[in-house]
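Observations on the three-dimensional arrangement
Residue-level listing of the chains:
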Amino acid sequence: MIIGASLLALVLSLAPQHEAVPAASPSGSPVAAEMAASPTPVAEHGEAAAPAASEAHPTEGHAEGAVAEGHEASGEEHGSPSQILMHHVTDEGAPYTFKIWDWRLFTVPISKHLFFMIVVMTLIVTMARMGVRSYKNGQPSGIGSAMEAMVLFVRDDIAEKNIGHGEGHKYTPLLLSFFVFILMAALFGLLPFSSTSTGNLTVTMALAAVSFMAQQWGGISKYGVVGH
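Worth saying up front: this structure is predicted, and the values here are computed from it rather than measured.

Criteria and thresholds
- Residues numbered from 1 in each chain as written.
- Predicted model: local features only at pLDDT ≥ 70, side-chain atom pairs only at ≥ 80, totals over all residues.
- Heavy atoms only, no water.
- Helix = DSSP H or I, 4+ residues; strand = E, 2+ residues; numbered from the N terminus.
- Buried < 20%, exposed > 50% of the residue type's maximum accessible area, 1.4 Å probe, protein only.
- Contact = heavy atoms within 4.5 Å.
- Areas by Shrake-Rupley, 256 points an atom, 1.4 Å probe, with all protein chains shown as cover.
- Phe/Tyr/Trp six-rings, centres within 6.5 Å; stacked < 30°, edge-to-face > 60°.
- Core = buried A, V, L, I, M, F, W, Y, C linked by side-chain atoms within 4.5 Å.
- Pairing = 2+ DSSP bridges.
- Salt bridge = Lys/Arg side-chain N within 4 Å of Asp/Glu carboxyl O.

So, on to the overall build of the protein. In terms of helices and strands, the protein carries 9 helices and 2 strands. In sequence order, the secondary structure elements of the protein are arranged as α-α-α-α-α-β-β-α-α-α-α. Buried residues in the protein amount to 18% of all 228 residues. Taking the intrachain contacts of the protein between residues at least 6 apart in sequence as the baseline, contacts between residues at least 24 apart amount to 40%. Carbon and sulfur atoms provide 67% of the accessible area of the protein, an area that totals close to 16,400 Å².

A few words on the packing of aromatic side chains. In this description, an aromatic ring pair is defined by two values, namely the gap between the centres and the angle between the planes. Under the counting rule described, the total for this entry stands at 9 aromatic pairs. Judged by centre distance (5.1 Å) and plane angle (75°), the rings of F115 and F116 are edge-to-face. Overall, the relative accessible area of 15% leaves F115 in the buried class. Grouped by ring-pair contacts, the aromatic residues Y96, F98, F106, F115, F116 and F188 constitute a single cluster.

In terms of nonpolar packing, the biggest core is built from 15 residues, with Y96, F98, F115, F116, V120 and F181 touching the most fellow members. Of all the elements in the fold, those that place two or more residues in this core are β1 (96–100), α6 (112–133) and α8 (172–189). In terms of residue count, the dominant contributor to this core is α8 (6 residues). Every residue in contact with V120, bar those within four places of it in the chain, is listed here: F181, M184, A185 and F188.

Here we take up the side chain of S197. Mapped onto the elements, S197 comes out in the loop between α8 and α9 (201–227). Residues in contact with S197, not counting those within four places in the same chain, are H113, F116, M117, F181, A185 and V203.

Attention shifts here to the pairing of strand β2 (residues 103–108). Bridge analysis of β1 against β2 gives 5 bridges, and the strand direction is antiparallel. Paired with I100 across the bridge in β2 is W103. Taking the residues between adjacent antiparallel strands as the criterion, β1 and β2 are bridged by 2 residues, where W101 takes a positive phi near 55°.

So, on to the pattern of salt bridges. Per the stated rule, a full pass over the model turns up 3 salt bridges. With a shortest N-O distance of 2.9 Å, D156 and R155 are connected by a salt bridge. Taking relative accessible area as the criterion, R155 reaches 35% and is therefore assigned partly exposed. Taking the shortest distance from any N to any O, the salt bridge between D157 and K161 comes out at 3.8 Å. Of this pair, D157 and K161 both sit in helix α7 (residues 143–163), 4 residues apart, roughly one helical turn. Residue K161 is classed as exposed on the basis of its relative accessible area, which comes to 62%.

The omega torsion of the bond from A94 to P95 falls at -5°, within 30 degrees of zero and hence cis. The residue P95 is located in the loop between α5 (81–87) and β1 in this model. Of note in this structure, N137 is not a glycine but carries a positive phi near 60°. Inspection of the secondary structure puts N137 in the loop between α6 and α7. What makes N137 exposed here is its relative accessible area of 83%. In this model, F193 sits at a positive phi of 65°, which is unusual for a non-glycine residue. Within the secondary structure, F193 sits in the loop between α8 and α9. Its relative accessible area of 24% is what places F193 among the partly exposed residues.

Here V89 lies in the loop between α5 and β1. Given the relative accessible area of 44%, V89 is considered partly exposed. Remark: the alpha-carbon pair of V89 and G199, spanning 110 residues in sequence, is separated by 5.9 Å.

Purely spatial values, then, with no claim about function.
Below you can see the structure in the form of structure tokens.
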């Protein structure tokens, strides 16, 4: 061990050094003294060169991240196709701010889907009232003619053919309400800066619940509780 330690000390003393090799410690171990005096590796062997290179340009990573964030921000500003499509489907919690691009027009204390559902329902009621008023001497005109054609289609081609002749007309108002509401909500959701309220799960569940209760009421009223 003494001979090995002496040879190691001789090799270290002959190796080129940037700094003077400190003297051996009192314990007789020159390696321990050198490690205590110079904890960092020697740059000549290339071990400390990599950290120095990374410390020479500390802002390169931040600059690249800033550039990437800038590109993402510019993409969000212009609006990608996926963002445009998701705008018509996703909901926004209350309060909802209606805006066109960067212009904020107004804010309502309800969610986005609820706001556009109220808009669709108001539009349907307004069109129905206008259709009723368009009747003169039992003959519709204008929007009343279009609504009458829709009512006849739902009654004759949906209710009567699927529920049965003589029974379908009783459920025509319910089917017509479902048909017009889903149709108008889907078409209204295609407009720019709008949203499809029927894409909300709660709206779908509410429609399904009304449909289920109507089916149970229709079956029980005709066949009785036991027969149904």
